[in-house]
Amino acid sequence: MLNSHETQLALEHFFKDCYKFWLRTTNDDRVAFEKALNDTRGITTDPFSPYGKKLDVEAKDKFIKYREMDLGMRG
């Protein structure tokens, strides 16, 4: 299992890649952000690891929470 820091780095990289993809596809910043966030919610293992080590669940929950705050979904 990845530690908290490794999980954070993997999620940031994955989210950024997803966001760029969705932005090119939709040409809408908010929609791209929401879709990238949904993609990130769905992963449980490191997408950049050949055997996909498990992500730290607490670190993932924090990452999602802060991205939702960036989007304005939580106060």
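Just above sits the structure.
Notes on the structure follow. Sequence order as written defines the numbering, with residues in each chain counted from 1. Where totals are concerned, whole chains, interfaces and linings use all residues; where local detail is concerned, this predicted model gives features only for residues with pLDDT of at least 70, and gives and counts side-chain atom pairs only at 80 or more. The basis for the side-chain values is all heavy atoms of the structure; hydrogens and waters are excluded.

Whenever Lys or Arg places a side-chain nitrogen within 4 Å of a carboxyl oxygen from Asp or Glu, that contact is recorded as a salt bridge. This structure, assessed with the given rule, holds 3 salt bridges. Across the pair Arg 41 and Glu 68 runs a salt bridge whose closest N-O atoms are separated by 2.6 Å. In this pair, Arg 41 is assigned in helix H2 (residues 29-41) and Glu 68 in helix H3 (residues 57-71), connecting sequence segments 27 residues apart. Runs of H or I in DSSP of at least four residues are treated as helices and runs of E of at least two as strands, each being numbered from the N terminus.

By convention here, two paired aromatic rings are described through the distance between centres and the angle between planes. Ring pairs are drawn from Phe, Tyr and Trp, using the six-membered ring of Trp, whenever the two centres fall within 6.5 Å, and their geometry is named by plane angle: stacked under 30 degrees, edge-to-face over 60, tilted for the rest. Taken as a whole and assessed by the stated rule, the structure comprises 4 aromatic pairs. Taken together, a centroid distance of 5.0 Å and an interplanar angle of 75° make the contact between Phe 15 and Phe 33 edge-to-face. Within this pair, whereas Phe 15 is found in helix H1 (residues 4-26), its partner Phe 33 is found in helix H2, the two being separated by 18 residues in sequence. Like Phe 15, the residue Phe 33 is buried in the burial classification. On the basis of an interplanar angle of 75° and a centroid distance of 6.0 Å, the ring pair of Phe 15 and Phe 63 is categorised as edge-to-face. Of this pair, Phe 15 sits in helix H1 while Phe 63 sits in helix H3, and the two are 48 residues apart along the sequence. Summarising the burial analysis for this pair, Phe 15 and Phe 63 share the class buried. Only protein chains enter the accessibility calculation, which uses a 1.4 Å probe; a residue whose area is less than 20% of its type maximum is buried, one above 50% is exposed, and one in between is partly exposed.

Another aspect to go through is unusual backbone geometry. The residue Asn 27 is not glycine, and still its phi comes out positive at about 60°. On the secondary structure map, Asn 27 appears in the loop between H1 and H2.

Our focus in this paragraph is H3. For an α-helix, 3.6 residues make a turn, and residues three or four places apart therefore share a direction. A rise of 1.5 Å per residue sets the reference length of H3, with its 15 residues, at 21 Å; its end C-alpha atoms lie 21 Å apart and thus fit the reference within 8%. Listed in full, the buried residues belonging to H3 are Ala 59, Lys 60, Phe 63, Ile 64, Arg 67, Glu 68 and Leu 71. Any pair of nitrogen or oxygen atoms within 3.5 Å is treated as a polar contact; in protein, a donor-acceptor pairing is required on top of that, and neighbouring residues in sequence qualify only through side-chain atoms on both sides. N-capping of H3 is provided by Asp 56, with a side-chain oxygen placed 3.0 Å from the backbone N of Glu 58. Once H3 finishes, Gly 72 follows within two positions and takes phi at roughly 90°, a positive value. Helix span, as expected, comes to 1.5 Å for every residue beyond the first.

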